[in-house]
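Architecture at a glance
Below are the chains, spelled out letter by letter.
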There are 2 protein chains.
Amino acid sequence: MKIQLVGLGNVGKELCELIEEKRELLNSLGTNIVVVSISDSKGTAVAQNGLKLKEVVNYKRLGWQGFRNYKSGYGALDAIRDVESDVVIELTSSTPNGEPGLSIIEAALKKRKHVVTSNKGPLVVAYKNLIKLAEKNNVKLLYEATVAAHLPVFCMLDSCFKADKLLTVQAILNATTNFIIGEMEAGKSFQKALNEAIGAGWAEANYSDDVDGIDAARKVVILANALFEADAKLEDVKIEGIRNVGPMIEEARVSNRKVKLICEILKEKGRLKMSVAPKLVSLDDSFATVNHGNMAAKFRFETSKEVFVTAHFTSPKQTAYAVLNDLTKIAL
Amino acid sequence: MKIQLVGLGNVGKELCELIEEKRELLNSLGTNIVVVSISDSKGTAVAQNGLKLKEVVNYKRLGWQGFRNYKSGYGALDAIRDVESDVVIELTSSTPNGEPGLSIIEAALKKRKHVVTSNKGPLVVAYKNLIKLAEKNNVKLLYEATVAAHLPVFCMLDSCFKADKLLTVQAILNATTNFIIGEMEAGKSFQKALNEAIGAGWAEANYSDDVDGIDAARKVVILANALFEADAKLEDVKIEGIRNVGPMIEEARVSNRKVKLICEILKEKGRLKMSVAPKLVSLDDSFATVNHGNMAAKFRFETSKEVFVTAHFTSPKQTAYAVLNDLTKIAL
């Protein structure tokens with residue numbers, strides 16, 4: 001399986017390591033992964049017979065100095081057009097207008113290449129169009145990593161609950177806010193907890209998307225579109241962040257409950273109702289045990305009733321795992 | 001897809017209803033289910049162009065009186081031999097020696113028919129042989145319903161964690177004992193809690209397999225064989241039931257913890273170590289929120305680390321759902 005990788009940040013580097021680590025296991029499943037190009041924002045490393053992934057990651061660290069295979073100024077779109085491949089893995093950063101990921105995914109699908117992405121941006125602004133484009137070109141577009149890393153939301157629903165009817169989704173989908181709320185429940189102020197989240201690598205310096213609930217809402221849009229065949233936009237989600245969560249945390253303390261930033265999708269009178277808001281949960285609710293930067297989802301089905309899944313989230317390697325699992329779905 | 005059903009107890013009846021309920025959904029997925037025979041312990045109803053499932057369930061209730069399609073004395077093995085079909089669904093009761101399910105599954109696989117079963121017995125005594133027989137005949141043997149009903153243990157691992165390495169499994173796999181322990185934690189004696197479990201339909205009159213941990217241990221054997229490619233037998237599992245759990249429940253109460261009957265599979269020095277025993281769990285452990293007759297599993301993987309899944313278990317309809325989902329895996 002010939003693969004083109006676009007984006008060599010944390011997830012991209014971890015994916016390169018993971019492909020090497022799991023090579024034997026993947027071979028035993030009948031999948032041989034050959035990475036024929038890797039693009040960053042400034043150029044592309046190309047090798048039709050396969051790049052050595054450790055070498056590429058090392059040269060990237062050195063600014064590509066002396067790496068023969070790297071063509072500066074030759075971008076992802078050039079490589080997708082010129083280099084023969086089966087799959088494009090799109091791992092660029094999420095942006096409000098979806099670019100550059102959106103153009104990269106469109107170009108790949110039009111060239112009849114399967115796409116695996118970890119990038120929320122393109123799916124938030126153009127989910128329906130991209131799915132149609134994939135169908136038209138008879139290729140797959142997979143995106144497990146966009147929502148809660150390796151928590152197997154799309155995979156589990158598609159594989160294990162296809163014959164059931166999904167009624168509602170509730171979920172904890174933002175690691176940063178879950179970490180901050182936990183620190184506040186342990187007695188810290190919002191500001192102190194936020195600083196710890198930044199120090200621990202959970203929150204980025206630009207933390208507004210996390211604490212204001214925007215990142216979680218983007219995931220809600222993707223879930224709604226993918227699981228309920230909706231055509232939802234970010235502005236359809238009612239969003240409340242955690243900047244003013246202090247009093248609710250005090251209320252939780254005195255009533256022996258917990259606070260969680262809960263994403264919710266439900267149907268009311270035939271219409272999808274989507275929200276992100278801090279909520280009180282009782283201690284015997286599975287959500288109460290979702291601590292640190294962990295994530296979780298609770299599904300309610302017509303026949304299977306309630307199914308809850310949670311995963312420990314510790315590093316970008318797990319996001320890379322979600323990408324790798326999507327790859328196996330294309331290969332096998 | 002032509003199906004032969006063997007066993008028309010609770011799960012069988014629920015499956016018949018479920019197939020009718022989900023017929024439209026299944027059709028939209030491209031699956032048309034035609035049930036060509038249904039066997040109980042005394043005979044078989046046959047109709048090559050498809051039985052009317054509601055009619056069959058009604059006639060079964062009436063002891064088959066006046067049902068033209070029912071041949072008394074014509075058993076499941078006769079029907080598997082004579083009637084053309086794609087899949088045999090084996091739903092007879094679990095027994096220590098695996099019969100009559102074992103012979104039925106073997107006969108079906110030898111006739112190159114796929115098999116879906118909800119019956120632990122045959123898998124506990126002959127998992128490896130049955131899998132080999134299925135492979136030899138190029139058909140599938142699926143058994144999601146044997147362990148924790150619709151909790152998607154096998155489906156999730158096979159679909160979403162194929163590229164990862166499973167290290168350990170911990171699980172709550174027996175609804176009856178989970179219900180009894182919960183009632184004891186609420187202050188009842190073991191005997192009173194057991195009587196309530198029987199009254200509520202969780203425990204059967206012959207409750208020893210449940211309270212002594214044998215039912216849970218059977219599921220451990222199936223998990224070990226299926227997930228770790230072991231050749232485990234029931235006698236390899238260290239088993240402790242809940243008859244003497246009183247003092248531990250008191251210990252949990254004073255230390256603000258919970259008691260759960262935990263199944264465990266882990267590797268020690270290259271060997272599988274399997275056990276069933278009541279254990280203390282802290283309130284921030286996801287297991288602590290698994291109440292009533294619900295079940296749960298916690299997996300630890302090399303890369304994905306900890307993934308926990310739990311499902312509400314309310315009726316045999318959910319076991320029937322697990323069978324139906326296995327059917328879609330054969331059909332699609």
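Structural data are supplied above this passage.
My aim in this report is to walk through the structure given alongside it, one point at a time.

**Some points on the overall build of chain A**
Within chain A, the secondary structure is distributed over 13 helices and 13 strands. A globule of 332 residues ought to have a C-alpha radius of gyration of about 20 Å, and chain A, at 20 Å, matches this closely. For chain A, the spread of C-alpha atoms along the three principal axes comes to 65 × 45 × 40 Å. Evaluated residue by residue, chain A yields a buried proportion of 51% over its 332 residues. Of all intrachain contacts in chain A linking residues separated by at least 6 positions in sequence, the fraction that spans at least 24 positions is 71%.

**Regarding the relation of the copies chain A and chain B**
Between the two copies, chain A and chain B, the superposition gives an RMSD of 0.0 Å; the rotation angle is 180° and the shift along the axis is 0.0 Å. The two molecules are tied by a two-fold rotation axis, judged by turn and shift. Relative to the rotation axis, the C-alpha of Val309(A) is the closest in chain A, positioned 2.2 Å from it. Of all interface residues in chain A, 100% are interface residues in chain B too; the two copies therefore contact each other through one and the same surface.

**Let's talk about the pairing of strand β10 (residues 257-268) of chain B**
All names here are of chain B. Summarising the sheet, strand β8 (residues 166-172) and β10 pair through three bridges and their orientation is antiparallel. Each bridged residue has a counterpart across the sheet, and for Ala-171 the counterpart in β10 is Cys-263. As paired elements, β10 and strand β11 (residues 271-282) share 12 bridges and run antiparallel to each other. Within β11, the residue paired with Ile-262 across the bridge is Ala-277. Counting the residues between successive antiparallel strands, the hairpin from β10 to β11 contains two residues, one of them, Lys-269, with a positive phi of roughly 50°.

**Re the interface of chain A and chain B**
At the junction of the two partners, chain A supplies 38 residues and chain B supplies 38 residues. Elements supplying a minimum of two residues to the side of chain A that touches chain B: α2 (23-28), α7 (153-160), β13 (305-311) and α13 (316-331) of chain A. Grouping the amino acids of the side of chain A that touches chain B by side-chain chemistry returns 17 nonpolar, 13 polar and eight charged. In the sheet, β13(A) pairs with strand β13 (residues 305-311) of chain B via five bridges, with the strands oriented antiparallel. Across the sheet, the residue bridging to Ala311(A) is Val307(B), located in β13(B).

**Description of the pairing of β8(B)**
Regular strands place side chains that alternate from one sheet face to the opposite one. As judged from the six bridges shared by β8(B) and strand β12 (residues 295-301) of chain B, these two strands associate in the antiparallel manner. Each bridged residue has a counterpart across the sheet, and for Thr168(B) the counterpart in β12(B) is Arg300(B).

**Looking at the sheet that holds strand β5 (residues 87-90) of chain A**
Whenever strands of a sheet pair, they do so through backbone hydrogen bonds, lying parallel or antiparallel. Residues and elements named next belong to chain A. Sheet architecture is open: seven strands sit in the order β4-β3-β2-β1-β5-β6-β7, paired in mixed fashion. Edge positions in the open sheet fall to β4 (70-72) and β7 (141-142), since each of these has one partner strand only. Across four bridges, the pairing between β5 and strand β6 (residues 114-117) is parallel. Within β6, the residue paired with Val-88 across the bridge is Val-115.

**Some points on the packing of helix α1 (residues 10-21) of chain B against helix α3 (residues 53-61) of chain B**
Residue and element names in this part refer to chain B. Interhelical geometry of α1 versus α3 gives an angle of 155° and a closest axis separation of 9 Å. Put simply, α1 runs roughly antiparallel to α3. Once α1 is placed against α3, the crossing between them reads as left-handed. The residues of α3 that touch α1, namely those facing Lys-13, Cys-16, Ile-19 and Glu-20, are Leu-53, Lys-54, Val-56 and Val-57. Tallied by class, the residues present in the contact of α1 with α3 amount to five nonpolar, no polar and three charged.

Conventions and cut-offs
Residues numbered from 1 in each chain as written. Chains lettered and ligands numbered in written order. Predicted model: local features only at pLDDT ≥ 70, side-chain atom pairs only at ≥ 80, totals over all residues. Helix = DSSP H or I, 4+ residues; strand = E, 2+ residues; numbered from the N terminus. Rg over C-alpha atoms; globule rule 2.2 N^0.38 Å. Buried ≥ 20, exposed ≤ 12 C-beta atoms within 10 Å, placed from the backbone. Contact = placed C-beta atoms within 7 Å. Least-squares fit on C-alpha atoms with pLDDT ≥ 70 in both. Pairing = 2+ DSSP bridges. Nonpolar A, V, L, I, M, F, W, Y, C, P; charged D, E, K, R; others polar. Axes fitted to C-alpha atoms, helices over the stretch in contact; angles between N-to-C directions. Parallel < 35°, antiparallel > 145°, perpendicular 65-115°, else oblique. Left-handed = near helix turned anticlockwise from the far one by under 90°.

Function cannot be read off these values alone, since they describe shape.
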